[in-house]
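Close look at the chain arrangement
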Amino acid sequence: MAARTEESTLGYEQARDELIEVVRRLEAGGTTLEESLALWERGEELAKVCRHWLEGARARLDAALSTGADDGGDPDSAGE
């Protein structure tokens, strides 16, 4: 349930930026095993949030494209 709360509170850019920071810290090393595991788990949560936003954007684009196809597929010819 925590991931669902994250999805509604974190924007895509915020989640992406935090994920980049998590990856940077993991790649830099110097953390304990426990810290590394916690970072990995946070990274997985953030990736899920990003994936949720991207899937939503894809669905919106697909819906817009299918609406355009239903109208004849040429948005410039609307009303002619």
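The following paragraphs examine the structure supplied in this document. (Residues numbered from 1 in each chain as written. Predicted model: local features only at pLDDT ≥ 70, side-chain atom pairs only at ≥ 80, totals over all residues. Heavy atoms only, no water.)

**Quick notes on the pattern of salt bridges**
Overall, the coordinates contain four salt bridges when judged by the stated rule. Two residues, R16 and D17, come together in a salt bridge whose shortest N-O distance is 3.1 Å. Under the relative-accessibility criterion, R16 is labelled partly exposed at 31%. Between R42 and E18 there is a salt bridge, with its nearest N and O atoms 2.8 Å apart. Of this pair, R42 sits in helix 3 (residues 33-70) while E18 sits in helix 2 (residues 12-28); the two residues are 24 residues apart in sequence, bridging distant segments of the chain. (Salt bridge = Lys/Arg side-chain N within 4 Å of Asp/Glu carboxyl O. Buried < 20%, exposed > 50% of the residue type's maximum accessible area, 1.4 Å probe, protein only. Helix = DSSP H or I, 4+ residues; strand = E, 2+ residues; numbered from the N terminus.)

**Quick word on the environment of I20**
Checked against the element boundaries, I20 lands in helix 2. In the structure, I20 is positioned 23 residues away from G43 in sequence and 8.7 Å away in space, judged by C-alpha atoms.

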